[in-house]
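The chain contents come next:
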Amino acid sequence: MKRSSFCLRLSIAVAAIVAASACAGQRRGSVPTGTTEPDKFLFDRGTSELAKKKWLTAREYFKQVTETYTQSAYRPNAKLGIGDTYLGEGTAEALVLAINEFREFLSFYPTNRRADYAQYKLGMAHFRQMRHPQRDQTETREAVKEFEAFVARYPNSSLMPEVKAKLREAKDRLSEADYLVGYFYYRQRWWPGAVDRFKSVLKDDPSYTGRDALYYYLAESLVKLNRSAEALPLLEKLVQEFEKSEYLAEAQKRITELKTQAQTKASGG
């Protein structure tokens, strides 16, 4: 189902961009007579236009390389260049086509020295389509999947720091989406539902950047359920892990209250 959905989106995207590309296609650059390396000439022109963010023009130069010079050493990089033009264009239709280009590159050239770049850009094409936490998170999950594939396949890539940063951002988006569901339950005073959802986020993503809010509201929900012994360690983790947090003062206040209550019970008061 997922593949058929992507194929449908791809077909629609192709149709939408064909018209826009038609005029550019008529202006495909001709190679000067006597050029000894026409494939290099076209690739260099495409690269130059790409740097100027002239997406359609750059794409046509790159396509000339991939379609005319199928054995050229520049063909793999031209294929990546086509993907970059779609990614740079950034429309919904273009991003679908970018995904297709980068996937094809990885299929055709899995051992190419720039395979890590293609994998990164594949993740970015999904990343650019991520929606707000309250909306559908399908593209966010796809971005996470592709970035995690990068981390597993290319541990020595120079792109790793940037990929890990984007992966953390994508994971945060997923965790925030689930956190907001838990917070909704909290606001509705459905404490068991809030506890289950908050715990699920912590289990699935223990490094969630916004986990100070999770610690606080999970602890408060547990207090409401008379499970203070479980709440106290969460509040202490909040204080230990976050030097700055909007929940810090309230957490410290609640820690004092819970410890006082525990001491009173222990003394039989």
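Parameters at a glance
Residues numbered from 1 in each chain as written. Predicted model: local features only at pLDDT ≥ 70, side-chain atom pairs only at ≥ 80, totals over all residues. Heavy atoms only, no water. Salt bridge = Lys/Arg side-chain N within 4 Å of Asp/Glu carboxyl O. Helix = DSSP H or I, 4+ residues; strand = E, 2+ residues; numbered from the N terminus. Buried < 20%, exposed > 50% of the residue type's maximum accessible area, 1.4 Å probe, protein only. Phe/Tyr/Trp six-rings, centres within 6.5 Å; stacked < 30°, edge-to-face > 60°. Lys NZ or Arg CZ within 6 Å of the ring centre and 35° of its normal. Contact = heavy atoms within 4.5 Å.

### What about the pattern of salt bridges?
Line of reasoning, step 1. Taken as a whole and judged by the stated rule, the model has 16 salt bridges.
Line of reasoning, step 2. Ionic pairing is found between Lys-199 and Glu-230, a salt bridge with its closest N-O pair at 3.6 Å. Placement of the pair is Lys-199 in helix H9 (residues 191–204) and Glu-230 in helix H11 (residues 228–241), with a sequence separation of 31 residues.
Line of reasoning, step 3. Accessibility expressed as a relative area gives 35% for Lys-199, which makes it partly exposed.
Line of reasoning, step 4. Under the relative-accessibility criterion, Glu-230 is labelled partly exposed at 35%.
Line of reasoning, step 5. For Arg-211, the salt bridge goes to Glu-241, with nearest N and O atoms at 2.8 Å. Separated by 30 residues along the polypeptide, Arg-211 in helix H10 (residues 211–224) and Glu-241 in helix H11 bring together distant segments of the chain.
Line of reasoning, step 6. Through salt bridges with shared partners, a single ionic network connects Lys-79, Glu-101 and Glu-104.

### Quick word on the packing of aromatic side chains
Line of reasoning, step 1. Scanning the model with the defined rule gives 17 aromatic pairs in all.
Line of reasoning, step 2. Measuring from ring centre to ring centre gives 5.2 Å for Phe-105 and Tyr-109, while their planes differ by 50 degrees; the resulting arrangement is tilted. Of the two residues examined, Phe-105 and Tyr-109, each falls in the buried class.
Line of reasoning, step 3. An aromatic cluster is defined as three or more aromatic residues linked by ring pairs; in this entry it consists of Tyr-179, Tyr-183, Tyr-186, Trp-191, Phe-198, Tyr-216, Tyr-217 and Tyr-247.
Line of reasoning, step 4. For Arg-114, the ring lying beneath its charged end belongs to Tyr-117, and the centroid distance is 4.5 Å.

### Comments concerning the environment of Ala-78
Line of reasoning, step 1. Here Ala-78 is to be found in helix H4 (residues 75–89).
Line of reasoning, step 2. Judged by its relative accessible area of 0%, Ala-78 falls in the buried class.
Line of reasoning, step 3. For the pair formed by Ala-78 and Asp-39, sequence separation is 39 residues and the distance between their alpha carbons is 9.7 Å.
Line of reasoning, step 4. If sequence neighbours within four positions are ignored, Ala-78 has contacts with Phe-43, Phe-62, Val-65 and Thr-66.

### Some points on the environment of Leu-106
Line of reasoning, step 1. Here Leu-106 shows up in helix H5 (residues 92–108).
Line of reasoning, step 2. Considering only alpha carbons, one finds Leu-106 and Gln-119, 13 residues apart in sequence, at a separation of 7.4 Å.
Line of reasoning, step 3. Excluding its chain neighbours within four sequence positions, the residues that come into contact with Leu-106 are Ala-115, Ala-118, Gln-119, Leu-122 and Tyr-154.

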